[in-house]
Amino acid sequence: MAVPTEVEVNGGLKMGSISQAYLENQAVKETKSLISELCRQFYNLGWVSGTGGSITIKVHDCSIPKPQQLILMSPSGVQKERMEPEDMYILSGDGSIISSPSPKPYPHKPPKCSDCAPLFMKAYHMRDAGAVIHSHGIESCLVTMINPLTKEFRITHMEMIKGIKGHGYYDELVIPIIENTAYENELTDSLAKAIEAYPKTTAVLVRNHGIYVWGDSWISAKTQAECYHYLFDAAIKLHQMGLDWSAPDHGPIQSVNGASGVNGRINACKKARTVDSNHKIEPFPRCIVLDIEGTTTPISFVTDILFPYARNNVGRHLSATYASAETQDDIKLLRSQVQDDLKQGVIGTVPIPSEDAGKEEVIAALVANVEGMIKADRKITALKQLQGHIWKTGFENKDLEGVVFDDVPEALEKWHALGVKVYIYSSGSRLAQRLLFGNSNFGDLRKYLSGYFDTAVGNKRETHSYVEITESLGVDKPSEILFVTDVYQEATAAKAAGLEVVISVRPGNGPLPENHGFKIINSFLEI
C-alpha cells in the first residue's frame, strides 16, 4: 500500500489506500507544476532535448515516512519543454503506478511512464533520495568519451566542487562511469552496482549517454546537477587547452614516452618507469600515499611544536569560539568520546557537565580531557578535529609554519611531472594536513597533492583502512598504490591490503623490528 493504515493524512484521516482527494491535494499539484517548470529550464540548458532525459520528485509530506511518500515522474517520449502538470505519473513509494495521465490526440503518443523509472527507484531506495534528475547534457556525454577506458571521472581544486554534497574545494570528486546499453532499463543493475561501490557519490555517468543525479530534495538535486555540468564543461575545455583537469594545479597534460595522461590515471602512469640498482626496469606506482609524522615531516615538529601549541591553547580557543557552530560540533564529538571513555574506564577521563553548569565548568572539563588525550597521543577523530581548528588559528596568525624534509618538495614535483597522483594519510585531520602543506617552510605544496585521508577511513594500523583507500582511489589493483610510512604496524596493515610499501627512515624516528622485511628509504628521491 502506498500509505500505511497507521499513517495519518490530511488532518487525521487514516487511509488504507490513496484517496482521490489526496492525489489532488495542494502538495501534489505544486510538485506536478514544479516538474513542468524544471523541465522547461532543463530543455533550455540542453539537458532534456529530443524527448530525452527525465526528472522525478517525491511529494513532501511530513506526516508520512519518506520511503512511503508519493513519487511524481515525468512521462517518456514527450517534448519535455511542453509538458503540463496533468502529464505526470504518480507512483507509490515502492514504484507502483497509482495514477496515469490521460491520452492526448494525434500526433501525441499514448502516455508511457519514464523509461528511467527502474533507475530512479534505485536512487530512491538505496540513497533515500528526494529527487532524481536524468540529463542528456552534451557535457555529461562528451566527458565520458575523452578516455574510453577509464571507469571514473575525477576532478579537484575547482570552486564548483563545493556544490556537491560532502565535498570541498581541496577534495577530489569521483564519479563512477557505467557503460551504455541499447535500452534505458538495462542500465538498472550496473547503476545499482555503482551506487553500492561508491557510497559517497550523488551521481553516476553513463558513457556516450548522460548522467543520473540525486539529492535529498529537488533543490539539492538541481544544484548538484548544475555543478556537475559546470565541472564537465570545465574539464572538456581544460582538455582542449592541453591541461589536466584532474591535477591540483591543472597544469599541462603530461606525456611520458609518448603516452598522454588523460584524467591523470591510466596512460602516463603505466608508461612511467624507473631503474633499480640491478638495472631492472620497474613501473612507477599510479598513486603514492604518504604518512606525515616521521615521513614527510620530522617527528619533533609534531611532538615539540604542534602538540604543545594545541595543548597550551585549548582553553583559550574554546573560550573565544564557544558559541560558534564549528566549536559546538567539536564539543559534541568530545562529549561522545568522553562518554565512551568513561564506559571503558579510560584512566584520566573526566565527566563533562551539562550546559546548565555554565560555560567555564564545561570548558574546564573539556581541557582536562583533551590534555589527557594529547598526553596519551590518542589517534581519535574528536581530538584531531579540535586540534585542527586550533592549529588553523595558529597558521592564520603566523604563529606556526609547517615543516617538511628538504627532499619532499623536489620529489613531489617529480612525481607530479610523471603524472603520479599523491595523497596524504595521517591521523591528523584533513584540515590539519592541508594547513601543514599549505603553509610549509617550502611554501604552498598543496598543488602537488590530489587528496587527503584521515581517521575517518579507519585506524592507520588496521587493514580495512587501506582497503577503503584503495576503493576510493579507483585503481585496478591495490599494488598500484605505494604507501610510505615510518611505522612498522602501519606498513604491515597496508601490505595485508595488497599495497606496495616502503618504510621511511628519518632522523628522530623510532627503531624498527629486526628482519622486518620492508624496503627502507632515507629520502623520497630514492623512490
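Worth saying up front: this structure is predicted, and the values here are computed from it rather than measured.

Cut-offs and rules
Every chain is numbered independently, its residues counted from 1 as its sequence is written. Given that this is a predicted model, residues contribute local features only at a pLDDT of at least 70 and side-chain atom pairs are listed and counted only at 80 or more, while totals for whole chains, interfaces and linings are drawn from all residues. Neither water nor hydrogens contribute to the side-chain values; these are computed over all heavy atoms in the structure. In this description a helix means any DSSP run of H or I spanning at least four residues, a strand means any run of E spanning at least two, and both kinds are numbered starting from the N terminus. The buried label applies to any residue whose accessible area, calculated with a 1.4 Å probe on protein chains only, is under 20% of its type's maximum; exposed applies above 50%, and partly exposed to all values in between. By definition in these notes, contact holds between two residues if any of their heavy atoms fall within 4.5 Å. Residue-level accessible areas treat just the shown protein chains as cover; the underlying method is Shrake-Rupley with a 1.4 Å probe. Charge assignment: positive for Lys and Arg, negative for Asp and Glu; neither His nor the chain ends contribute. Charged side chains are reduced to one point each, which is NZ for Lys, CZ for Arg, CG for Asp and CD for Glu. Strands were regarded as paired on the criterion that DSSP finds at least two bridges between them. For every element, the axis is a line fit to its C-alpha atoms; helices are fit only across the contacting stretch, and the angle between N-to-C directions ranges from 0 to 180 degrees. Patches here are clusters of residues that have more than 30% relative accessible area and form no salt bridge, with a 9 Å joining cutoff for like charges and a 5 Å cutoff for nonpolar side chains (Val, Leu, Ile, Met, Phe, Trp, Tyr). A pair is scored as a salt bridge if a Lys or Arg side-chain nitrogen falls within 4 Å of a carboxyl oxygen belonging to Asp or Glu. By the definition adopted for this analysis, an angle is roughly parallel if under 35 degrees, roughly antiparallel if over 145, roughly perpendicular if from 65 to 115, and oblique otherwise. Residue type decides the class: Asp, Glu, Lys and Arg count as charged, Ala, Val, Leu, Ile, Met, Phe, Trp, Tyr, Cys and Pro as nonpolar, and the leftover types, Gly among them, as polar. Note that the bend at a residue is defined as the angle between axes fitted to the seven residues ending at it and the seven residues starting at it. As a per-residue quantity, pLDDT reports the predictor's confidence and falls between 0 and 100. Handedness of a crossover: with both strands directed away from the viewer, a clockwise path from the first strand across the helix to the second marks it as right-handed.

As a further point, take the overall build of the protein. Helix and strand content of the protein: 15 helices and 21 strands. Dimensions along the principal axes, computed over C-alpha positions, put the protein at roughly 80 × 70 × 40 Å. Expressed as a percentage of the 527 residues in the protein, the buried residues total 53%. Pairs at least 24 apart in sequence give 63% of the contacts found in the protein among residues at least 6 apart. Total accessible area on the protein stands at roughly 23700 Å², and carbon and sulfur atoms take up 52% of it. Of the side-chain charges in the protein, 52 are positive and 63 negative, and the distance between the mean point of each set is 3 Å.

Across the sheet, which stays open at both edges, the six strands sit in the order 18-17-16-19-20-21 with parallel pairing between neighbours. The two strands at the open ends of the sheet, each matched to only one other strand, are strand 18 (451-453) and strand 21 (519-521). Direction aside, the axes of adjacent strands within the sheet are offset by 30 degrees on average. Alignment of strand 16 (residues 287-290) against strand 17 (residues 421-425), held across four bridges, turns out to be parallel. By the bridge assignment, Leu290 is partnered in strand 17 with Ile424. Here helix 15 (residues 488-496) sits on the sheet in contact with strand 19 (481-485) and strand 20 (500-504), set at roughly 170 degrees to strand 20.

It is worth spelling out the sheet that holds strand 8 (residues 152-156) at this point. Backbone-to-backbone hydrogen bonds join strands into a sheet, with any given pair of strands oriented parallel or antiparallel. Read from one edge of the open sheet, nine strands run 6-5-4-3-7-11-10-9-8, paired in mixed fashion. Pairing within the sheet leaves two strands with one partner each, and these edge strands are strand 6 (97-99) and strand 8. Neighbouring strand axes in the sheet, compared pairwise and without regard to direction, differ in orientation by 25 degrees on average. Sheet topology places strand 4 (residues 71-73) next to strand 5 (residues 89-91); three bridges connect them, and they run antiparallel. Within strand 5, the position partnered with Leu72 by the bridge is Ile90. Most of the contacts of helix 3 (residues 117-127) go to strand 3 (residues 54-58), to which it runs at about 35 degrees, and overall it touches strand 3, strand 4, strand 7 (131-135) and strand 11 (210-215).

Every buried residue of helix 3 is accounted for by Ala117, Leu119, Phe120, Met121, Ala123 and Tyr124. Summarising the contacts, the buried residues of helix 3 are in contact with strand 3, strand 4, strand 7, helix 5 (188-197) and strand 11. Note on helix 3: the residue one or two positions beyond its end, Asp128, has a positive phi of about 50 degrees.

Turning our eyes to something else, we now look at a nonpolar patch on the surface. A cluster of nonpolar side chains, Ile138, Leu142 and Met145, forms an exposed patch at the surface whose accessible area comes to about 270 Å². For Ile138, the position within the fold is in helix 4 (residues 138-142).

Following the criterion strictly, the structure yields 21 salt bridges and no others. Two residues, Arg154 and Glu152, come together in a salt bridge whose shortest N-O distance is 2.8 Å. The residues Arg154 and Glu152 share a single accessibility class, namely buried. A salt bridge links Arg286 to Asp476, with the nearest nitrogen and oxygen atoms 3.6 Å apart. With Arg286 in the loop between strand 15 (281-283) and strand 16 and Asp476 in the loop between helix 14 (463-473) and strand 19, this residue pair connects regions lying 190 residues apart in the sequence. For Arg286, a relative accessible area of 7% gives the class buried. Judged by relative accessible area, Asp476 falls into the exposed class, the value being 59%. Each of Lys151, Glu179 and Arg207 takes part in one network of salt bridges that share partners.

So, about the packing of helix 8 (residues 299-321) against helix 11 (residues 381-396). When two helices pack together, their arrangement is given by the angle between their axes and by how far apart the axes lie. Contact geometry of helix 8 with helix 11 gives a least axis separation of 9 Å together with a crossing angle of 90 degrees. The angle between helix 8 and helix 11 places the two elements in the roughly perpendicular class. For the pair helix 8 and helix 11, the contacting residues are Leu306, Phe307, Tyr309, Ala310, Asn313, Val314, His317 and Leu318 in the first and Lys384, Leu386, Gln387, His389, Ile390, Trp391, Thr393 and Gly394 in the second. Here the contact of helix 8 with helix 11 is composed, by residue class, of nine nonpolar, six polar and one charged.

Now for helix 8. Along helix 8, the largest kink reaches about 55 degrees and is centred on Asn313. If you check which residues of helix 8 are buried, you get Ile299, Phe301, Val302, Leu306, Phe307, Pro308, Tyr309, Ala310, Asn313, Val314, His317 and Leu318.

Take the confidence of the model for the protein next. Of the residues in the protein, 91% reach a pLDDT of 70 or more, and the chain-wide mean stands at 89. Between the elements of the protein, mean pLDDT differs from a low of 36, seen in strand 2 (residues 13-14), to a high of 98, seen in strand 11. Ignoring residues within four places in sequence, the model shows residues 264-281, a span with pLDDT below 50, making 52 contacts including any to other chains.

This part covers the pairing of strand 7. For a regular strand, side-chain orientation follows a simple rule: the groups alternate between the two sheet faces. Most of strand 7 is tucked away, with five of its five residues classed as buried. Of the two faces of strand 7, the one lined by Ala131, Ile133 and Ser135 and the one lined by Val132 and His134 are each fully buried. Summarising the sheet, strand 7 and strand 11 pair through five bridges and their orientation is antiparallel. Each residue of the ladder has a partner; that of Ala131, found in strand 11, is Gly215.

This brings us to unusual backbone geometry. Of note, the bond from Tyr106 into Pro107 is cis; its omega dihedral lies within 30 degrees of zero at 15 degrees. Considering the arrangement of structural elements, one finds Pro107 in the loop between strand 6 and helix 3. In this structure, Asn208 is a non-glycine residue whose phi angle is positive, near 60 degrees. Among the secondary structure elements, Asn208 is positioned in the loop between strand 10 (203-206) and strand 11.

Counting buried positions along strand 20 yields four of five residues, so the element is predominantly enclosed. When strand 19 meets strand 20, the two strands line up parallel, connected through four bridges. Bridging from a neighbouring strand, Leu482 pairs with Glu500 of strand 20. With helix 15 bridging strand 19 and the parallel strand 20, this β-α-β connection has right-handed handedness. Here strand 20 pairs with strand 21 via three bridges, running parallel. Within strand 21, the residue paired with Ile503 across the bridge is Ile520.

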